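# Structural overview for review
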Amino acid sequence: MKSNSANKQKWKMLLVTMLCYLFFYTGRHNFGWAVKGMVASLNISYSTIGWISFCMLIGYAIGQFINGNLADKLSPKLMVVTGAYLSIMTNIAISFSNTATVIMILWGLNGFFQSMAWAPGAKLINNWWDEHERGKAFGFYTMAAGLSSAVTYLISIVLLQQGIEWRMLFRLPVLLLLVTATIFLIIAKDRPDTEDNDSHKPMAKNKSDWLGRYKAAFRNKNFLLTSLSFGFESMARYGLIFWVPVHFLGKNWKDNPGNIWVTFLLPVGMAIGALCFGVLSDTLFKGNRLKAIVVGMSASAILSLLIFIVPTQQIILSSILMLLTGFFVYGPQACYWPLSPDMLGSRLTGTGIGIMNMCGYLFAAIGEPFLGYVIDITGDSNNIFIVTALACVSSALIAFFVSRSKQVKVV
């Protein structure tokens, strides 16, 4: 009876964390949909837009580095809720801004606030799920992130088709985050009441402080290489998430309304891929998460090149390719997160995920202004898929190299 109750509780904690994160991207992935209106209204270049996105990603990366470590010490639940509320406030402030500089500063702060959710949420899930089911649990959690993109895309598409101005994209969608973050605050618990695991055991003196946790993570070569692989995966993922709406909206998207719905299939594919890869890493790949990453990133590189070749006018084929690309470019993320406790041990889950995600967003940040510059110079947004393919190949090669080395598992 007690076991059945514990099982219900861990699923309850997973689902409420997923519900909260399901709407987190309404305060982040809404930006790509506001770009067209922002460029026209504020008379700024796509390169400047790229730098604004760069600031958010840098803020997110710095936040991951700090907040992941704090999640191993503070309450993950309170960190998630605090980040949600601050992000909502920042989005609303941006909606009233009239200069690129102000938006850049606020969007950078928003990146930091948004970073207070992922690693702490992962820490909470790790506290409730044991290592044999982490792939499945993190797969569901990552699926929520993928669906969060889909939800944000859907809301943004509907709002744009209603003819609303870009500022409303920073006001309306985040109201859903306000509701779910409050539900999370009421229901979520950091860990089981009777838990007797690593989080309650005293750590060795040289690892009990924040600096010790960082040192332990940075001494693991395979973990660092895995984080580098994740960096290129994130560059590819964000290159698609941010610039695909710009590419398919084109100059006269209202004359080709079908194009805007093609973009919606990207996050849908991401959500499905996250769940499938999480489960497959525990079953088909027998816990070999690195092998799953190599397969996924290799496939996404090929698909990105196919999107580059296929004209956007071929809506059916473009839709299929967009769905599959989302599936393979994001699915492997569900395999990266369990590698943190697998390689570093449960006590460093938050720190490891924070470092890994920091690396991911640093690379994504570098890619954003570069892609904006490529579009400005070439006048063709289709070239983003070439850059994405190269990033995917780099990610796969590094993961392959790590998979060939001896893994030292710490639990």
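Up top you'll find the structure we're talking about.
A brief look at the structure comes next. Since this is a predicted model, take the numbers as computed values, not measurements.

Here is what the cut-offs are and how they apply
Residues numbered from 1 in each chain as written. Predicted model: local features only at pLDDT ≥ 70, side-chain atom pairs only at ≥ 80, totals over all residues. Heavy atoms only, no water. Phe/Tyr/Trp six-rings, centres within 6.5 Å; stacked < 30°, edge-to-face > 60°. Lys NZ or Arg CZ within 6 Å of the ring centre and 35° of its normal. Helix = DSSP H or I, 4+ residues; strand = E, 2+ residues; numbered from the N terminus. Contact = heavy atoms within 4.5 Å. Salt bridge = Lys/Arg side-chain N within 4 Å of Asp/Glu carboxyl O. Buried < 20%, exposed > 50% of the residue type's maximum accessible area, 1.4 Å probe, protein only. 1 Å grid on protein atoms, 1.4 Å probe; cavity = no way out; pocket = protein on both sides within 12 Å on 5 of 7 lines; lining within 4 Å. Points joined across faces, edges and corners; volume = space filled by probe spheres on them. Nonpolar A, V, L, I, M, F, W, Y, C, P; charged D, E, K, R; others polar.

### Re the packing of aromatic side chains
Note on aromatic pairs: each is described by the distance of the centres and the angle between the planes. Counted according to the given criterion, the structure contains 25 aromatic pairs. Members of the aromatic cluster, each reached through a chain of ring pairs, are Tyr21, Phe24, Tyr25, Trp118, Tyr141, Phe230, Tyr336 and Trp337. Over the ring of Trp129 we find Lys10; its NZ or CZ atom is 4.5 Å from the centre of that ring.

### Structural notes on the environment of Pro192
Positionally, Pro192 belongs in the loop between helix H8 (174-187) and helix H9 (210-218). Residues Pro192 and Ser47 lie 145 residues apart in sequence; the distance between their C-alpha atoms is 48 Å. In this structure, Pro192 is in contact with Asn127 and Trp128, ignoring residues within four places of it in sequence.

### Points about the pattern of salt bridges
For the structure shown, the criterion picks out three salt bridges. Notably, a salt bridge pairs Glu165 with Arg167, separated by 4.0 Å at the nearest N-O pair. Take Glu165: its relative accessible area is 43%, and that puts it in the partly exposed class. Note that Arg289 is salt-bridged to Asp342, the shortest N-O span being 3.0 Å.

### What to know about empty space enclosed by the protein
This model, assessed by the stated rule, comprises three cavities of 30 Å³ or more. The computed volume of the largest cavity comes to approximately 60 Å³. Around the largest cavity sit Arg28, His29, Phe31, Gly32, Ser53, Met56, Trp107, Tyr238, Ile241 and Phe242, which together line it. By residue number, the principal contributor to the lining of the largest cavity is helix H10 (residues 221-249), which donates three residues. Here the residues of the lining of the largest cavity are counted per class, giving six nonpolar, three polar and one charged. What the second largest cavity holds in volume is close to 50 Å³. For the lining of the second largest cavity, the elements supplying multiple residues, two or more each, are helix H14 (333-344) and helix H15 (349-378). Grouping the constituent residues of the lining of the second largest cavity by class yields eight nonpolar, two polar and one charged.

### Thoughts on the environment of Met297
Mapped onto the elements of the fold, Met297 is located in helix H12 (residues 289-309). Along the sequence, Met297 and Ala396 sit 99 residues apart, while their C-alpha atoms lie 5.3 Å from each other. Residues in contact with Met297, not counting those within four places in the same chain, are Glu233, Phe328, Val329, Pro332, Cys392, Ser395 and Ala396.

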